[in-house]
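Report on the structure
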Amino acid sequence: MEREFLTTAQRIVIKIGTSSLIYPNGNINLAGIDQLAFVLSDLRNQGKEVVLVSSGAIGVGMNKLHLDSRPTTIPAQQAVAAVGQAELMNIYNQRFLTYSQQTAQVLLTRDIVEFPESRKNVVNTLEQLLQMGIIPIINENDTVAIDELDHQTKFGDNDQLSAIVTQLVKGDVLVMLSDIDGFYSGNPAKNKNAILFHTIHEITPQIWDYAGDKGSKFGTGGMISKLNAAKRILLADSAMVLANGQKPQVIFDILAGKQIGTLFCRED
């Protein structure tokens, strides 16, 4: 059974997209966040190590500041992200504490990859948090790093960040929760004949061709960024599951080895 290894995954990185945290009307999906806190706390109770990479700072900031559209200037985006990040952590802390689970905020910039000293420090911090039974909640430091806002991306978005974090902590699997059921041969919203891939072992030119490049108005990642993340995961000889994050309890089914979403892994 190809997914059997997921049942023994010990160190799990979860990436949650803005679309799973924010309703289309711009309001915060409190039920989704509560369910996510419940699931991850229960995984910790099972003895697993969990890292959460969370988008949503700008989306939550837009909600908090009653903004209908994403700001266009970098300083405005950074200001909204600063407001949103504090609010998002506030909500996470409140929900996780309901399940007696301690969390910690870790904001990263791209120098973690470029400078060995920074990389070592981040790895040490994350390892210590995991050893203490704490769930690190990671986001890019949007007030400092402008790469993922509306500039050319070098570090990328949180899809890339989650893949890099999986590499840093040597995660067994990255579970990427998005607003789509997995990777399709076309946009399922526009093409009724689009086929869902259950497993992808290699990202071929054909697979790249299938990917569209549109994200939501609250987030930055499209299918291209998810493929870039999957490419990094495959190179690291790890695994990634792309699935719909509308109901975070799907994580339990994914880790039970059920055929949900798209599994990216090397062929045995």
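This structure is a prediction, so every number in the text was calculated from the model and none was measured. (Residues numbered from 1 in each chain as written. Predicted model: local features only at pLDDT ≥ 70, side-chain atom pairs only at ≥ 80, totals over all residues. Heavy atoms only, no water.)

**Topic: the packing of aromatic side chains**
The geometry of an aromatic ring pair is captured by the separation of the ring centres together with the interplanar angle, meaning the angle of the planes. Enumeration over the complete set of coordinates arrives at 5 aromatic pairs. Plain terms: the ring middles of F183 and F197 are 5.9 Å apart, the flat faces sit at 45° to each other, and that makes the pair tilted. Of this pair, F183 sits in strand β6 (residues 183-184) while F197 sits in strand β7 (residues 196-197); the two residues are 14 residues apart in sequence, bridging distant segments of the chain. Since its relative accessible area comes to 0%, F183 is described here as buried. According to the relative accessible area criterion, F197 is partly exposed, its value standing at 21%. Geometrically, the ring pair formed by F197 and Y210 is tilted, given 5.7 Å between the ring centres and 40° between the ring planes. (Phe/Tyr/Trp six-rings, centres within 6.5 Å; stacked < 30°, edge-to-face > 60°. Helix = DSSP H or I, 4+ residues; strand = E, 2+ residues; numbered from the N terminus. Buried < 20%, exposed > 50% of the residue type's maximum accessible area, 1.4 Å probe, protein only.)

**With respect to helix α4 (residues 74-98)**
Given 3.6 residues per helical turn, the α-helix brings residues three or four places apart onto the same face. The end-to-end C-alpha distance of α4, which contains 25 residues, comes to 36 Å, matching closely the 36 Å that a straight helix rising 1.5 Å per residue would cover. Where α4 starts, the residue carrying a side-chain oxygen 3.3 Å from the main-chain nitrogen of A76 turns out to be T73. Trailing α4 by a residue or two, S100 shows a phi angle of about 55°, which is positive. (Expected span 1.5 Å × (residues − 1). Polar contact = N/O pair within 3.5 Å; in protein donor to acceptor, adjacent residues only side chain to side chain.)

**Focus: the environment of Q10**
The topology assignment puts Q10 in the segment before β1 (11-16). Among the residues examined, Q10 registers a relative accessible area of 37% and is labelled partly exposed. For the pair Q10 and E49, spaced 39 residues apart in sequence, the C-alpha to C-alpha distance is 6.1 Å. Residue contacts for Q10: discarding those within four places in its chain leaves G47, K48, E49 and D172. (Contact = heavy atoms within 4.5 Å.)

**A look at the confidence of the model for the protein**
For the protein, the average pLDDT comes to 89, and 91% of its residues sit at 70 or higher. Scored below 50 in pLDDT, residues 149-155 shows 27 contacts in the model against residues more than four places distant or in partner chains. Every residue in residues 214-221 is under pLDDT 50, and counting partners more than four places away or in other chains gives 23 contacts. (pLDDT = per-residue confidence, 0-100.)

**Digging into the pairing of strand β2 (residues 49-54)**
Burial runs high along β2: 6 of the 6 residues are buried. Pairing of β1 with β2 involves 6 bridges; the strand directions are parallel. Residue pairing for β2: I14 is matched across the bridge by L52. Relative to strand β4 (residues 135-140), β2 runs parallel, the two being bridged by 2 bridges. (Pairing = 2+ DSSP bridges.)

**Topic: unusual backbone geometry**
In the Ramachandran plot, S100 falls in the positive-phi region, its phi being about 55° despite a non-glycine side chain. Structurally, S100 is set in the loop between α4 and β3 (103-108). With a phi close to 60°, D237 is a non-glycine residue in the positive phi region. Mapped onto the elements of the fold, D237 is located in the loop between α9 (223-235) and β9 (240-244). Given a relative accessible area of 57%, D237 falls into the exposed group.

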